[in-house]
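# Secondary and tertiary structure notes
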Amino acid sequence: MSGKTFAQKAIERASGTRDLVPGQIVDVYPDLYMSHTASWRCIKTLEGMGVTELYDPDRIAMVMDHIAPAVTTKNAADHKLCREFAQRMGIRHFWDVNAGIAHVVLMESGLIRPGELVIGTDSHSTIYGALGAFGTGVGFSEITATWVTGKLWLKVPDSVRIEIGGALPPGTYPKDIMLRLIGDLGADGLTYCSAEFGGSYPGSMSVSERMTFCNLAMEMGAKNAYVEPDEITRRYLDEAGQPRDRYQELLPDEGAEYREVISLDASALAPQVSVPHSVDNVVPVDEVAGTRLDQVFIGSCANAKYDDLEIAAQVLAGRKVAGHVRLIVTPASAAVMSRAAASGVLGTLIEAGALITNPGCGACAGNGGVMTDGERTLSTANRNFPGRMGSYESEIFLGSPATAAASAVRGVITNPTDLMTEVSS
Amino acid sequence: MSAMTAGGTAVVFGDNVNTDVIIPGRYLVSIDPAELAEHAFEPLGADVQRRVRSAGVVVAGRNFGCGSAREQAATALTGAGIQAVVAASFARVFFRNAINTGLVAVECPPAAAAVHDGDEVTVDLDGGTVTTPAGTYQFPPYPEALRQILADGGLIPHLMRSSR
């Protein structure tokens, strides 16, 4: 009998069945159901069903992140509905508009543990693989149904193993690896698949960097993503208040069957950029260097964690944002923002001319920082679809925090290594 | 139960049609199918919107509905009068959302390649066929669990029916 992949083991655990094979459809009982700003839709749906009993309120997590704070009276009413529902139903895991992006908040708070299965009303729920969990996105009706029944159907996915070795050259980051992979494999390169990252490089990454990896795997259509939990994972969970005996790590077996094994040498990479209007439209930054920008956005669940802001601050220290550019920085969470304030990172960014907003999804979800016709943003987020940040006639480029910061300084798309050379020369 | 068929005039799209194009994020403050339908495919312009509203079937290439998990991408199509989507392949969350909101979604690459704008297309779920002017094409039948959800008009009606 051949070995099992992580995805097979995670779905066997969550469904209480054994010997599952890819393609089988089973009912799973997720450990956690995340809903973000979409929570009001779940509540309205539940009210429409006339149901008042929930399967397990402790498995429900709500975070008001996509539109925060309220912009319209409709938003305010939606938030109020969620707040009051959480209180009435005894939902303990509720975060209001001050907390930040749901994914990052839940991981920081210790609610995401290795081996567990988490569903969320957000495609980027693949991010939970950064802690060795099985995370996947679903619609709001499914979250509502799971609130009631505790279960939903899942197909056991094929797995693709992505082996990354070597060390990244200076100025190149995990975001660049993922953009290159997305460019090479395409927007549907991993559709329906579990993306397992392995090799020497992922094992060297921080949890924050693993989040960038697992988040962006979704842009190839992945069902979930996964980095093997290790001592780095355990230390992160220690800090999040999760005792090591509280979770059980699931590792793929030797000899597990993969649809495909892909290898990538990190040391051969240079900074990469996604150009409009699809994420898989990827070129080395030098091919579009010099493209004039109107705005730079450092934010989103892909790249607005503490180390992302720190990298941007290192590039921006002692420099100024170009006069014609608006630099918007939206920390991923209140904890990230607090740490960046204490360490001086926020001060450096403000000094350089950045506008710091409250934590949350912000401009990535089109809330604040929208563009008018003909404008161009370089963003550290994960999507560049037309109209996502305002006008359908505006353009979004995607890059790493270092590329974003360097581009903000020059006012044009810039290879961050150009500014590093400037310092040393 | 009556045979499950869906059909109508086709509007044809290419590969990688994303959910931001199907229904832009700014309109997600609504869950009303009619209201959402007014803005379906808005980024592609008024001509495409008119063609979608006069169609009954969306036919697309690979990876239809990629991007966000927004369920309203399926609801907006239903609101616009779309009965079925036939594609070479679907992004997985869109496929779930389609089934869960009662929208027929079938993967059938040869049918998707054979259909032109304005063709009459019929999907027979029980028979596992897509009929087009160019011919009839087979697709693997739905697993029974999914077929039941669709037959009941979506996940929530299915749940209410089965809990009765």
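Residues numbered from 1 in each chain as written. Chains lettered and ligands numbered in written order. Predicted model: local features only at pLDDT ≥ 70, side-chain atom pairs only at ≥ 80, totals over all residues.

## Things to note about the interface of chain A and chain B
Facing the 35 residues of chain A at the interface are 32 residues of chain B. Contributions of two or more residues to the side of chain A that touches chain B are made by helix 2 (39-49) and helix 5 (140-149) of chain A. The biggest single contributor to the side of chain A that touches chain B is helix 5 of chain A, with seven residues. Residues belonging to the side of chain A that touches chain B are distributed by class as follows: 13 nonpolar, 13 polar and nine charged. (Contact = placed C-beta atoms within 7 Å. Helix = DSSP H or I, 4+ residues; strand = E, 2+ residues; numbered from the N terminus. Nonpolar A, V, L, I, M, F, W, Y, C, P; charged D, E, K, R; others polar.)

## Notes on the sheet that holds strand 5 (residues 120-124) of chain B
All names here are of chain B. Ordered by their spatial adjacency, seven strands build an open sheet running 4-3-2-1-5-6-7, and the pairing between neighbours is mixed. A single partner strand is all that each edge strand has here, and the edge strands are strand 4 (104-107) and strand 7 (135-138). Going across the sheet, the axis of each strand differs from the next one's by a mean of 25 degrees, ignoring polarity. (Pairing = 2+ DSSP bridges. Axes fitted to C-alpha atoms, helices over the stretch in contact; angles between N-to-C directions.)

## Let's talk about the sheet that holds strand 3 (residues 60-63) of chain A
Residue and element names in this part refer to chain A. With respect to topology, five strands assemble into an open sheet ordered 4-3-2-5-6, the strand pairing being parallel. The strands lining the two open edges of the sheet, one partner per strand, are strand 4 (93-95) and strand 6 (134-137). Strand after strand, the sheet turns through a mean of 15 degrees between neighbouring axes, direction not considered. Pairing analysis gives three bridges linking strand 2 (residues 32-35) to strand 3, with the strands arranged parallel. Along strand 3, the bridge assignment pairs Tyr 33 with Ile 60. Helix-sheet contacts for helix 5 involve strand 2, strand 3 and strand 5 (117-120), and the interaxial angle to strand 2 is about 140 degrees.

## Looking at the nonpolar core
Residues Val85(B) and Val86(B) are the most contacted members of the largest nonpolar core, which totals 193 residues. Not counting residues within four places of it along the chain, the set of residues in contact with Val85(B) comprises Val58(B), Ala60(B), Phe64(B), Leu77(B), Ala98(B), Leu103(B) and Ala105(B). (Core = buried A, V, L, I, M, F, W, Y, C linked by C-beta atoms within 7 Å. Buried ≥ 20, exposed ≤ 12 C-beta atoms within 10 Å, placed from the backbone.)

## Observations concerning the packing of helix 10 (residues 306-316) of chain A against helix 12 (residues 345-352) of chain A
Two numbers describe a pair of packed helices, the interaxial angle and the distance between the axes. All names here are of chain A. For the pair helix 10 and helix 12, the least separation of the axes is 9 Å and the interaxial angle reads 45 degrees. Considering their axes alone, helix 10 and helix 12 lie oblique with respect to each other. Of the two elements, helix 10 crosses helix 12, and the hand of that crossing is left-handed. Across the interface between the two elements, Leu 309, Glu 310, Ala 312, Ala 313 and Leu 316 of helix 10 pack against Val 345, Thr 348, Leu 349 and Ala 352 of helix 12. Its residues placed into classes, the contact of helix 10 with helix 12 shows seven nonpolar, one polar and one charged. (Parallel < 35°, antiparallel > 145°, perpendicular 65-115°, else oblique. Left-handed = near helix turned anticlockwise from the far one by under 90°.)

## Here's the deal with the environment of Leu185(A)
When you line up the elements, Leu185(A) lands in helix 6 (residues 174-185). If near-sequence neighbours (up to four positions away) are discounted, Leu185(A) is found in contact with Leu190(A) and Met220(A).

## A short note on the packing of helix 10 of chain A against helix 13 (residues 401-410) of chain A
All names here are of chain A. Across the interface, helix 10 lies against helix 13 with an axial gap of 8 Å and an inter-helix angle of 35 degrees. The hand of the helix 10/helix 13 crossing is right-handed. Contacts from Asp 308, Ile 311, Ala 312, Val 315 and Leu 316 in helix 10 reach Pro 401, Ala 402, Ala 404, Ala 405, Ala 406 and Val 409 in helix 13. Looking at the contact of helix 10 with helix 13 residue by residue, the class counts come to ten nonpolar, no polar and one charged.

## Observations regarding unusual backbone geometry
Between Ala68(A) and Pro69(A) the backbone carries a cis peptide bond, its omega angle lying at -10 degrees. Within the fold, Pro69(A) resides in the loop between strand 3 and helix 3 (73-89). Unusually for a residue other than glycine, Tyr192(A) sits at a positive phi of about 70 degrees. One can find Tyr192(A) in the loop between helix 6 and strand 9 (194-198). Even without being a glycine, Asn16(B) presents a positive backbone phi close to 55 degrees. Following the sequence through the fold, Asn16(B) ends up in the loop between strand 1 (5-12) and helix 1 (19-22). The exposure class of Asn16(B) is buried, given the 23 C-beta atoms found within 10 Å.

## Some details on helix 4 (residues 72-79) of chain B
All names here are of chain B. Most of helix 4 is tucked away, with eight of its eight residues classed as buried. Elements in contact with the buried residues of helix 4: helix 1, helix 2 (33-39), strand 2 (57-60), strand 3 (84-87) and helix 5 (92-100). Immediately downstream of helix 4, the backbone of Gly 81 shows phi near 90 degrees, a positive value.

Any functional reading would require information that these geometric values do not contain.
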